[in-house]
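Close look at the chain arrangement
Read off the chains here:
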Amino acid sequence: MKVVVLGAGIIGISTAWHLLERGHEVTVVERQSDAALETSFANAAQISVSYCEPWANKDAPLKALKWMFRNDAPLLFRPQLPWGEGWQQWRWALQFLAQCNDAAFERNVQQLVALGAYSHDALKDVVRATGIAFHRLERGIAHYYTDPRAFDTAGDAAELMRQYGVARRVVSTAELLKIEPAFASFAHRIVGGTYTASDESGDARVFTQALAQRCSARGAQLLYNHDVLRLEKTGNAIDSVAIHARATDAQGQNDAKTTRLKADAVVVACGSYSAPLLRTVGVDLPIYPGKGYSATFKLRQPGRAPFVSAIDDEVKCAMSRLGDELRVAGTIEVGGYDLSLTTPLARARCKMLAKRVEQVLPGVCDTRLEEEGGNPRFWAGLRPATPTNIPYIGKTRVARLWVNAGHGTLGWTHGAGSGKALAELISGTVPEMAFGFYGVERRRVQLKPQTA
Ligand SMILES: Cc1cc2nc3c(=O)[nH]c(=O)nc-3n(C[C@H](O)[C@H](O)[C@H](O)COP(=O)(O)OP(=O)(O)OC[C@H]3O[C@@H](n4cnc5c(N)ncnc54)[C@H](O)[C@@H]3O)c2cc1C
């Protein structure tokens, strides 16, 4: 089949790779000059099959309310005017609230774990087949707590994960330091933690760009610097995709004509921009941008830097070592498509990340800000968030139109598997996993706990 994939983030490129594996003819359209230059560019680098709890839980509404006026709040709702595009935010928030209960939380965790496990296997297969190096560290993920009350709930969360086959265990501060001695200077604040040895970390951008090159070498056509203008429909079927080359000369001259791509299948994998694009052809999915920030620092003392990737429960950030650098990322802001790094709010959030790294790993990185003579690389990305944190992978009600989007906080973790699953669906088989694919009959999906 001839398949056009829209978007060259981790999801679009993984989809392209797995389609090629199944013998399809693939074209990828991407507005940037390379793959992974938007949300897949500088995330927290965690491949966290086990740390996959959605943000929507029974305590989230009260916490979000308390955090409304804190610039450095882990979860910040920035209300838009409730009409036009702003209405999408309010609708999304209401749907998010509907997920903030124990039953929905457990149902969502179940599916996220299933997709995570399937995806981890798919990632290992791709790495075996391609030999791609991406600063991969197979050293697990540790989650440390500084608040005894928060730590009290860690056991229940670990138990829930174990029910679904994830070996997350509760560890004392002493055990945690044996697993990762780099946190010794912060040990006086740590009250305990959890650890999953099977999780990993690695650079999503490096992986995605390398996989995109492999796709190209296998015959995929990669149309970088091309905007997707619209999806064109005849009756209830996609007829073509209108695309336009971006100006690439210094004067911004652009004589390019709009081109129409025809295909047997079109996959929308445009991250946060998938929802507005799909809405133009009557497919209405609750995918809304959740802005997050990261900071990447050069290591000053590599010998004292962690190898185990970590989650800091107090400020809800994640840290991963990527070669001779440390990446720290976190916070979610639900407030539209703004990617700015210079507003007072954005500055406060970036500074919070730098300050936290210095508190937890004093002297290990060069965390000086630009005004202090440092060279931190701050970045913001828009997580394609759904109220459940479960992505839409499957078939839309418009013939020939497929979707692979809405991966929220877990797109790197779920990337390889989401690509493989959609490639299987397009090829006519439903993957064997406890996951509800979009537009695919649910009776074939069993939602049962795995055995530990
Ligand atoms: C701060 C932060 C930390 C994170 N940490 C982690 C983590 O540790 N682990 C994890 O698993 N996940 C993490 N994530 C989530 C993960 O990064 C995302 O879920 C994932 O990158 C989404 O991939 P995607 O391919 O759907 O979107 P993208 O990477 O955004 O790709 C979509 C592509 O579509 C293109 N596009 C959109 N519209 C058009 C158009 N009209 N025309 C042409 N091209 C278009 C864009 O240019 C883009 O390249 C984090 C995210 C953030 C922001």
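Residues numbered from 1 in each chain as written. Predicted model: local features only at pLDDT ≥ 70, side-chain atom pairs only at ≥ 80, totals over all residues. Heavy atoms only, no water.

Two faces belong to every sheet, and in a regular strand the side chains alternate between them. Judged by how many residues are buried, strand E2 (residues 25-29) sits mostly within the fold: four of five residues are covered. One ladder, built from five bridges, connects strand E1 (residues 2-6) with E2; its direction is parallel. The residue bridging Val 5 from the neighbouring strand is Val 28, located in E2. Taken together, E1, helix H1 (residues 10-21) and E2 constitute a β-α-β crossover, and its handedness is right-handed. (Buried < 20%, exposed > 50% of the residue type's maximum accessible area, 1.4 Å probe, protein only. Helix = DSSP H or I, 4+ residues; strand = E, 2+ residues; numbered from the N terminus. Pairing = 2+ DSSP bridges. Right-handed = clockwise from strand over helix to strand, strands pointing away.)

Another point: the site of the ligand. Among the 35 residues in the neighbourhood of the ligand, the closest are listed as Glu 30, Ser 40, Gln 46, Gly 408 and Thr 413. Here an oxygen atom of the ligand sits 3.0 Å away from a polar atom, N or O, in the side chain of Glu 38. Between the ligand and Gly 408, the relevant distance is 2.8 Å, taken from an oxygen atom to a main-chain nitrogen or oxygen of the residue. Coverage of the ligand by the protein chains reaches 96% of its 1000 Å² of free accessible surface. Listing elements by their share of the shell around the ligand, those giving two or more residues are H1, strand E10 (226-234), strand E14 (288-298), strand E18 (377-385) and helix H11 (411-426). Counting contributing residues, the shell around the ligand receives three or more from each of domain 1 (2-40 + 206-286 + 389-444) and domain 2 (50-100 + 135-200 + 287-385). (Near = heavy atom within 4 Å. Polar contact = N/O pair within 3.5 Å; in protein donor to acceptor, adjacent residues only side chain to side chain. Areas by Shrake-Rupley, 256 points an atom, 1.4 Å probe, with all protein chains shown as cover. Domains from an automatic or database assignment.)

Now for the packing of helix H4 (residues 102-130) against helix H6 (residues 154-163). Two elements in contact, H4 and H6, have axes separated by 10 Å at closest approach and are oriented at 50°. Of the possible angle classes, the one that applies to H4 and H6 is oblique. The two elements H4 and H6 cross, and the hand of that crossing is right-handed. Together, Phe 105, Glu 106, Val 109 and Val 113 of H4 and Leu 160, Met 161 and Gln 163 of H6 make up the contact between the two elements. Considered class by class, the residues forming the contact of H4 with H6 number five nonpolar, one polar and one charged. (Axes fitted to C-alpha atoms, helices over the stretch in contact; angles between N-to-C directions. Parallel < 35°, antiparallel > 145°, perpendicular 65-115°, else oblique. Left-handed = near helix turned anticlockwise from the far one by under 90°. Contact = heavy atoms within 4.5 Å. Nonpolar A, V, L, I, M, F, W, Y, C, P; charged D, E, K, R; others polar.)

Turning to helix H8 (residues 204-217), a few remarks are in order. Since there are 3.6 residues in each turn of an α-helix, residues three or four apart along the chain are aligned in direction. The end-to-end C-alpha distance of H8, which contains 14 residues, comes to 20 Å, matching closely the 20 Å that a straight helix rising 1.5 Å per residue would cover. Listed in full, the buried residues belonging to H8 are Ala 204, Phe 207, Thr 208, Gln 209, Ala 210, Leu 211, Ala 212 and Cys 215. Packed against the buried residues of H8 are H1, H4, strand E9 (221-223) and H11. The backbone nitrogen of Arg 205 has a side-chain oxygen 3.0 Å away, supplied by the residue at the start of H8, namely Asp 203. Following H8 by one or two positions, Gly 219 adopts a phi angle in the positive range, close to 110°. (Expected span 1.5 Å × (residues − 1).)

Counting across every chain of the model gives 15 aromatic pairs. Judged by centre distance (5.5 Å) and plane angle (85°), the ring pair of Phe 77 and Trp 90 falls under edge-to-face. Placement of the pair is Phe 77 in strand E4 (residues 75-77) and Trp 90 in helix H3 (residues 85-98), with a sequence separation of 13 residues. Take Phe 77: its relative accessible area is 18%, and that puts it in the buried class. We classify Trp 90 as partly exposed; its relative accessible area is 31%. Ring centres 6.4 Å apart and planes at 40° place the aromatic pair Trp 92 and Tyr 288 in the tilted group. Placement of Trp 92 in helix H3 and of Tyr 288 in strand E14 is noted, with a sequence separation of 196 residues between them. (Phe/Tyr/Trp six-rings, centres within 6.5 Å; stacked < 30°, edge-to-face > 60°.)

Under the domain assignment used here, the protein contains domain 1 (2-40 + 206-286 + 389-444) and domain 2 (50-100 + 135-200 + 287-385). On the side of domain 2, 19 residues touch domain 1, which itself brings 20 residues to the contact. On the domain 1 side of the contact with domain 2, Thr 39, Ser 272 and Pro 286 bury the most area, a combined 33% of that side's loss. A salt bridge links Asp 284 to Arg 91, with the nearest nitrogen and oxygen atoms 2.8 Å apart. Between the two partners, domain 1 and domain 2, sit nine residue pairs in polar contact (both at pLDDT 80 or more). The element best represented in the side of domain 1 that touches domain 2 is helix H9 (residues 274-279), accounting for four residues. Residue classes in the side of domain 1 that touches domain 2 are distributed as eight nonpolar, nine polar and three charged. (Buried area = accessible area lost by both parts, 1.4 Å probe. Salt bridge = Lys/Arg side-chain N within 4 Å of Asp/Glu carboxyl O.)

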